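A structural walkthrough
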There are 2 protein chains.
Amino acid sequence: MRTAFYVSDGTALTAEAFGHALLSMFPTEFRHKTLPFIDTQAKAEMACKQIQRAAEDDGEPPLIFHTFVNVKLKQRITQCGGISYDFLDNFVGQVEHELGIKAKPKTHRTHGVHKDYNFRVEAINYALDNDDGKKLNQLDQADLILVGVSRTGKTPTSLYLAMQYGIKVANYPITEDDDFERLSLPYELKMQRHKLFGLTLDSQRLHEIRSQRREGSQYASMQQCRFELSEVEKLYRKEAIPFINSTRFSVEEIAAKILAQTNLQRRRY
Amino acid sequence: MRTAFYVSDGTALTAEAFGHALLSMFPTEFRHKTLPFIDTQAKAEMACKQIQRAAEDDGEPPLIFHTFVNVKLKQRITQCGGISYDFLDNFVGQVEHELGIKAKPKTHRTHGVHKDYNFRVEAINYALDNDDGKKLNQLDQADLILVGVSRTGKTPTSLYLAMQYGIKVANYPITEDDDFERLSLPYELKMQRHKLFGLTLDSQRLHEIRSQRREGSQYASMQQCRFELSEVEKLYRKEAIPFINSTRFSVEEIAAKILAQTNLQRRRY
């Protein structure tokens, strides 16, 4: 198997994003190696040795996706016998030309601590404090309130939106006993109805997820899953709560879809 | 202020990563607009109108960073009067040449649901269940156990590692009463000492963070912060626990540094 390296004098997150996006277009499997913080000549030598060893072991040169601020270190990495892809180099000149100013690269700039950073940590703490309907007295501070039946992805989605975008997300479980009989929302949620967003799943998928947790239970049965999902979707429609079926989506996709539908501000950069 | 658009027929996460990395090299401020899921001609027309309006409002053409799978939609977006940067186009040919095969782009491929997806959700649930020393009987399942005094970033770091890389991270607070007097670790942590990683902060920063929570308290006082940090760093040294001072780092940087030092497998992608 051929090796793909992601190398940088920073976190290498940009190099990874860049390389993964490109390689995901090919039906080829790679061994992935990320080498972050290659910020001294000594570390560049070590990285170079790893690249050379991979070339020998694989019998073909590795692909190297890199984003360096330090030019000398970059040069060293491009001379180790790999095939080098430098996406910054290709575009910086074009952007300089368009803006009429010179680039001033700084290490750690992209994924560093900037003015919105504290907001992200606050948003994560908020999501944890307001997970699973734990508190109903902080909903006025929420940017968004996710609702749905048990195990439809409310918690990961809340945390992702907080972590990635600094959005304050509470989530509230719609449970059979309290809410389905009356098919109504608790008073506290009704007061914040403009912030509500529903999640739903195909019943087969919910059955699988619940079965991993409590196999053979009433809670995990197809019948119960089908009943809860059909009732909750009725509730969404009745209350005009926007919702998405997240069965085929990753947490990144669910988050992007919610943002696109709600016009919430992305606070991060 | 000039506008930068991030446009895609998928989540636009790659377009954002690409554009942000480039623009972070320039000391210019931009208004950022992300337009994800532009996957029909009608949506492309709407996006085009937004781009044209921004050009008029700003008095200069917006920058457009895009990643499209659908060629017709891409063409429409590049003809709206913005300056277009297409990083895939620039590199796909080079990679095709190197691999000797043709690219087969699929929408949603980069940030979609793939084989490691369930693992990420499991890792998030694990991090939540094992946050703040809640459980000590699941530490054998941890890939990593973060330790540190209160408010040194253990929870956001655990969640980020779970979300981004599918790594199972428990975290345990070192508190004065139990641990500092004896300067030792609980038995359960000692049994997993190869998994331990310490976080620390500058005392001034810890004082600020704790003051936001409980202003004027003994807990937030400079004296207390200084004492706890000095004791916990002694503990790390005595027990040979690797640690980092995260004062100037974002959660992305802390995570990347921990991965670089521990050689943990990144499960995602």
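Residues numbered from 1 in each chain as written. Chains lettered and ligands numbered in written order. Predicted model: local features only at pLDDT ≥ 70, side-chain atom pairs only at ≥ 80, totals over all residues. Heavy atoms only, no water.

**Thoughts on the overall build of chain A**
- Summing up its helical and strand segments, chain A has eleven helices and eight strands in all.
- The C-alpha radius of gyration computed for chain A amounts to 24 Å, which surpasses the reference 18 Å derived for 269 residues by more than 25%, pointing to a less compact arrangement than a globule.
- If one aligns the C-alpha atoms of chain A with their principal axes, the spans along those axes are about 70 × 45 × 30 Å.
- Evaluated residue by residue, chain A yields a buried proportion of 56% over its 269 residues.
- For chain A, the proportion of contacts with a sequence separation of at least 24, taken over those separated by at least 6, is 71%.
- Carbon and sulfur atoms make up 47% of the accessible area of chain A, which totals about 12100 Å².
- Each charge class in chain A was averaged separately, 37 positive and 35 negative side chains, and the resulting centres sit 4 Å apart. (Helix = DSSP H or I, 4+ residues; strand = E, 2+ residues; numbered from the N terminus. Rg over C-alpha atoms; globule rule 2.2 N^0.38 Å. Buried < 20%, exposed > 50% of the residue type's maximum accessible area, 1.4 Å probe, protein only. Contact = heavy atoms within 4.5 Å. Areas by Shrake-Rupley, 256 points an atom, 1.4 Å probe, with all protein chains shown as cover. Lys, Arg positive; Asp, Glu negative; His and termini not counted. Charge placed at Lys NZ, Arg CZ, Asp CG, Glu CD.)

**Notes on the state of the cysteines**
Residue and element names in this part refer to chain A.
- For the coordinates displayed, the defined rule picks out two disulfides over all chains.
- Shown here is the disulfide that connects cysteine 48 with cysteine 80, its sulfur atoms set 1.9 Å apart. The disulfide joining cysteine 48 to cysteine 80 has a torsion of about -105° about its S-S bond and is therefore left-handed. On the criterion of sequence distance, the pair formed by cysteine 48 in helix H2 (residues 41-58) and cysteine 80 in the loop between helix H3 (71-78) and strand E4 (83-85) is long-range, its members being 32 residues apart. (Disulfide = S-S within 2.5 Å.)

**Some words on the UniProt feature "binding site: ADP" (unreviewed entry) in chain A**
Residue and element names in this part refer to chain A.
- Under the feature "binding site: ADP" (unreviewed entry), the UniProt entry names Gly148, Val149, Ser150, Arg151, Thr152, Gly153, Lys154 and Thr155.
- The residue serine 150 is located in the loop between strand E5 (144-148) and helix H6 (154-165) in this model.
- We classify serine 150 as partly exposed; its relative accessible area is 23%.
- Along the chain, arginine 151 falls in the loop between E5 and H6. (UniProt positions renumbered as here; feature names shortened; annotations may be inferred.)

**Thoughts on the sheet that holds strand E7 (residues 196-200) of chain A**
Residue and element names in this part refer to chain A.
- The strand order across the open sheet formed by four strands is E6-E5-E7-E8, and the pairing between neighbours is parallel. At either margin of the open sheet sits one strand with a lone partner, and together these are strand E6 (169-173) and strand E8 (243-245). Taken over all neighbouring pairs, the strand axes of this sheet differ in orientation by 25° on average, direction set aside.
- Direction of pairing for E5 relative to E6: parallel, over a ladder of five bridges. (Pairing = 2+ DSSP bridges. Axes fitted to C-alpha atoms, helices over the stretch in contact; angles between N-to-C directions.)

**A short note on the interface of chain B and chain A**
- Facing 75 residues of chain B, the contacting portion of chain A comprises 76 residues.
- Of the roughly 6900 Å² buried where chain B meets chain A, counting both sides, 68% is carbon and sulfur surface.
- At the boundary of chain B with chain A, the tally comes to four salt bridges.
- The salt bridge partner of glutamate 98 of chain B is arginine 2 of chain A, with a shortest N-O separation of 2.4 Å.
- For the pair chain B and chain A, the number of links is six residue pairs in polar contact (both at pLDDT 80 or more).
- Contributions of two or more residues to the side of chain B that touches chain A are made by helix H1 (13-23), strand E2 (30-35), strand E4 (83-85), helix H4 (87-99), helix H5 (117-129), helix H6 (154-165) and helix H11 (251-262) of chain B. (Buried area = accessible area lost by both parts, 1.4 Å probe. Salt bridge = Lys/Arg side-chain N within 4 Å of Asp/Glu carboxyl O. Polar contact = N/O pair within 3.5 Å; in protein donor to acceptor, adjacent residues only side chain to side chain.)

**Points about the domain arrangement of chain A**
- Under the domain assignment, chain A is made up of domain 1 (2-99) and domain 2 (117-262).
- Put simply, the middle of domain 1 of chain A and the middle of domain 2 of chain A, counted by C-alpha atoms, are 40 Å apart. (Domains from an automatic or database assignment.)

**Notes on helix H1 (residues 13-23) of chain A**
- The element H1 of chain A is extensively covered by neighbouring structure, given that ten of its eleven residues are classed as buried.
- If you check which residues of H1 of chain A are buried, you get Leu13, Thr14, Ala15, Glu16, Phe18, Gly19, His20, Ala21, Leu22 and Leu23 of chain A.

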